[in-house]
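Here are the chains, one letter per residue:
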Amino acid sequence: MSIYDSLNDKQMEAVRHTEGPLLILAGAGSGKTRVLTHRVAYLIEEKNVNPFYIMAITFTNKAAGEMRERINELVGYGAESIWVATFHSSCVRILRRYAECLGYDRNFTIYDAEDQKTVIKEVCRRCNIDTKQVKENSIMYRISHAKDRMETPEIVEKEVEDFEEKQFAKIYREYQKELFSNNAMDFDDLILNTIVLFEKNPEILEGYQDRFRYIMVDEYQDTNLAQFRLIYLLAKKHQNLCVVGDDDQSIYRFRGANIENILSFERVFLNTKVVKLEQNYRSTQNILDCANEVIKKNTGRKEKRLWTENGRGEKLHFHQFETSYEEAEFVCDDIARRVRNGDYQYSDCAILYRTNAQSRIFEEKFIYANVPYRIIGGINFYSRKEIKDIIAYLKTIDNGKDDLAVKRIINVPKRGIGAATINRIDDYAQQNQISFYEALLEHEDIPGISRSSKKIHFFTNVIQVLRAKSETLSLAELAEELLEMTGYQAELIEEDTEESRARLDNINELISKIVAYEEKIKSSNQSPTLNGFLEEVALIADLDDLNQNQDYVVLMTLHSAKGLEFPNVYLVGLEDGLFPGYLSIYSESLEEMEEERRLCYVGITRAQKTLNMTAAFRRMVRGEWQNHDVSRFIKNLPRELFEDAPSEKTAHTTVKRPNAYQQAKQDFQRKAFSSVSNKIEKSGALNYKEGDTVEHIKFGRGVVTNIQDGGRDFEVTVEFETAGVKRLFASFAKLKKIE
DNA sequence: ACGTGGCCACTTTTT
DNA sequence: GTGGCCACGT
């Protein structure tokens, strides 16, 4: 019995081809991650490759985490020395070592989209360009694309013709200058600078080429030109490059993903072996037929024919409702019914939508119906105001070179340092070629700000004291001290509103994250550093770690659903104008519509057994009602795939015993979708007891009549003033005690 | 220097 | 419906 027995012929073929370029075209649900991980195991165990020579690159942290976990399970000894990381974090690791070769300090900071926007705005103001006429968003987009094509401001400048392009080139140049003097890189710079580093220093490149002798790239269809260039450079010498992708699942064109990378791989790497994985292990034949039917309308794709041994399965469901409210109500009721019937658990069900804004209505209905749910994505934890503020403080303590961070917090909480003062300091800093923070230290030499002198001194003093303390305190202690000394916490406590309490909660969550980070680093026998923490934070998109098994419905966008699977999927808002969106309908480029269609394909192929599709005729968009047709994607699908009766009978598919692979996937999903706050609520005591008056977000006020410990969660019975008696799960009802 | 009220644009999607 | 920005008043 070997670990490779679970692979089919095609998968095995891909695993065995270890030398030379390999392109794996892996259809949805065809077990591509399984192939990748087994291939790693094969390299180590059968080919005696030192794990140190293996690199696996993914696109998201989630995927990297999953890959790491699965490799660990499979390989055991030596697995930790395999380089498993995202493109961006790989580049950061490389750049931290060699940043000086490019003129950066190795403590460079990483700017997210918000930071970029701030810089662009500032640059525009300085150049007297009205940001109302030239939108920051489009500038950001253009800068990003220029970087993707490896065009520096100088190159753009040379090529410009009209006034508009000239203006852009100027902004781009100033933007880049500003970042450089702030010792900062944006996400695109991370990739671009690594390429520049390699191209300028062949000996550094060769070092990495010899380290990464076997390179694997997951989600290859999502790579952009720069990323391709990077892989190309790394793999050029040994040519052992294995990429896995599905051109039908390329859904990130908008941010530069280039489907050409997959279609032209064989031209760039000669002697490429191509393996197609077409057997699907995830879905029923009905679901696959539907997916195939949708995707076949796209042109310029590699022909694939997904098949399965899973059988026809349950028929698909489609309902069109009068309004989006009824749609949400149906989905909510349907889930509740299926769970009541024992067909599914809450966690088997996922609601997938095109835009984050759609989650609201579902959330409302779920609160009413007391159905546990969790929304993935949406507003990023690390882009919340309070979190960004604390991070900015930490950055300033770590090194004062990030002007953006210092400016962000110099007057938070309010210290009476206003815009006029900040501008004067800024001018002084520019004139003397020093950082903003250094200018603050010299504030006594700056004309015209004597009024604020004391306040500035107070601020720099706080920072210096915290810096001194950071030598001895742990990171978490430092953060607590910071909250205390700056008065940040006090201000929020004082405010005492719903919002301020939520902010305090988030800050506490940040502190738990810091503690978790410190523990993680310590467990690998290293000592945690402030800089290390900030770096990790810069590259993490959402809080998708921390493990606990809870049973809830998952809501997310189609984009975040990629790579996941659920027994029971609701594809909602299938309407022309929403999905496909207006932009793609009215766009001249056919590519946009094709991308939307691929997105639809991704959505359909998430479903394992039951696929429900819904649309609403009328929907509130941006405060006004809009009428929508049923989405063109599903309008003319073969009728026989669908169940016609609206009230469907339940299909009892026998549940197969999960194999190791499925088990790992399930474990991963449970971990990925758990939340810190829920954990705290259950493990600790509730902050209310029987007889207390509490408030519920929808039901209003009521009196707690009973609390039962239901194992996983507390079940609380509440007699509401208007809504009557309800039994609720404590961690989802989020009851607030009224004093 | 700072708070408030009215106006605007905004919604794809994420490292 | 909401959050960001500007102008105005204190």
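Structural data are supplied above this passage.
What counts and how
- Here the residue numbering is sequential within each chain, running from 1 through the sequence in written order.
- Key to labels: chains lettered from A, ligands numbered from 1, both in the order written.
- Two thresholds apply to this predicted model, a pLDDT of at least 70 for residue-level local features and 80 or more for giving and counting side-chain atom pairs, whereas whole-chain, interface and lining totals are computed over all residues.
- Each side-chain value is worked out from all heavy atoms of the structure, with water and hydrogens disregarded.
- Helix numbering and strand numbering both begin at the N terminus, where a helix is a DSSP run of H or I of at least 4 residues and a strand a DSSP run of E of at least 2.
- Contacts are assigned to residue pairs that have any heavy atoms within 4.5 Å of one another.
- For accessible areas, the Shrake-Rupley method is used with a probe of radius 1.4 Å. Any residue's cover is judged against the shown protein chains and nothing else.
- Residues scored as charged are limited to Lys and Arg (positive) and Asp and Glu (negative), so that His and the chain ends carry no count.
- Charge coordinates come from a single atom per side chain, which is NZ of Lys, CZ of Arg, CG of Asp or CD of Glu.
- A pair of strands is treated as paired once DSSP finds two or more bridges between them.
- A fitted line through C-alpha atoms represents every axis, and for helices the fit uses only the stretch in contact; the resulting angles, taken between N-to-C directions, go from 0 to 180 degrees.
- Here a polar contact is recorded for every N or O atom pair within 3.5 Å, except that within protein the pair must consist of a potential hydrogen donor and a potential acceptor, and residues adjacent in sequence are included only if both atoms are side-chain atoms.
- Each residue is assigned to one of three classes by its accessible area relative to the maximum for its type, calculated with a 1.4 Å probe on protein chains only: buried under 20%, partly exposed between the two thresholds, exposed over 50%.
- Orient the strands so they point away from the viewer; a crossover is then right-handed if the path from the first strand over the helix to the second runs clockwise.
- The rule for a salt bridge is simple: a side-chain nitrogen of Lys or Arg has to be within 4 Å of a carboxyl oxygen of Asp or Glu.

**Examining the overall build of chain A**
Here is step 1: A count of helices and strands for chain A gives 32 helices and 22 strands.
Here is step 2: Principal-axis analysis of the C-alpha atoms gives chain A an extent of 80 × 75 × 55 Å.
Here is step 3: Restricting the contact set of chain A to residue pairs at least 6 apart, pairs at least 24 apart contribute 74%.
Here is step 4: Taken as a whole, chain A presents about 33,800 Å² of accessible surface, with 48% of it coming from carbon and sulfur.
Here is step 5: Taken together, the 102 basic and 118 acidic charged side chains of chain A have centroids lying 2 Å from each other.

**Observations regarding the sheet that holds strand 1 (residues 22–26)**
Here is step 1: On the basis of which strands lie adjacent, the open sheet formed by six strands has the order 3-2-6-7-1-8 and parallel pairing. What marks the edges here is a single partner per strand, and that holds for strand 3 (83–86) and strand 8 (273–277). Direction aside, the axes of adjacent strands within the sheet are offset by 15° on average.
Here is step 2: In this structure, strand 1 lies alongside strand 8, joined through five bridges in parallel fashion. Paired with Leu 23 across the two strands is Val 274, which belongs to strand 8.
Here is step 3: Sheet strands in contact with helix 1 (residues 9–16) are strand 1 and strand 8, and its direction is about 150° off that of strand 8.
Here is step 4: Relative to strand 3, helix 3 (residues 61–75) is tilted by about 160°, and along the sheet it contacts strand 2 (54–58) and strand 3.

**A few points about the side chain of Asn 399**
Here is step 1: Its place among the elements puts Asn 399 in the loop between helix 17 (385–398) and helix 18 (403–409).
Here is step 2: In this structure the side chain of Asn 399 is engaged in a polar contact, spanning 3.0 Å, whose partner is the backbone nitrogen of Lys 401.
Here is step 3: Leave out the neighbours within four places in its chain, and Asn 399 touches Asn 107 and Arg 467.

**Describing the pairing of strand 3**
Here is step 1: Here strand 3 shows no split at all, with Trp 83 and Ala 85 on one side and Val 84 and Thr 86 on the other all buried.
Here is step 2: Relative to strand 3, strand 2 runs parallel, the two being bridged by four bridges. Paired with Ile 57 across the strands is Ala 85, a residue of strand 3.
Here is step 3: With helix 3 bridging strand 2 and the parallel strand 3, this β-α-β connection has right-handed handedness.

**Looking at unusual backbone geometry**
Here is step 1: Note the cis peptide between Phe 579 and Pro 580, where omega equals 5°.
Here is step 2: You can see Pro 580 is positioned in the loop between strand 15 (566–571) and helix 27 (582–586).
Here is step 3: If you check the backbone angles, Glu 219 has positive phi at about 50° while not being a glycine.
Here is step 4: Of the residues examined, Glu 219 reaches a relative accessible area of 11% and is grouped as buried.

**Notes on the pattern of salt bridges**
Here is step 1: Counting across every chain of the model gives 54 salt bridges.
Here is step 2: Between Asp 218 and Lys 32 there is a salt bridge, with its nearest N and O atoms 3.2 Å apart. Here Lys 32 lies in helix 2 (residues 32–45) and Asp 218 lies in the loop between strand 6 (214–217) and helix 11 (225–235), a separation of 186 residues in the sequence.
Here is step 3: Overall, the relative accessible area of 18% leaves Lys 32 in the buried class.
Here is step 4: The salt bridge partner of Lys 388 is Asp 112, with a shortest N-O separation of 2.9 Å. Of this pair, Lys 388 sits in helix 17 while Asp 112 sits in the loop between strand 4 (109–111) and helix 5 (113–126), and the two are 276 residues apart along the sequence.
Here is step 5: Bridged by salt links that share partners, the residues Asp 112, Glu 114, Asp 115, Lys 388, Asp 389 and Arg 408 form one connected network.

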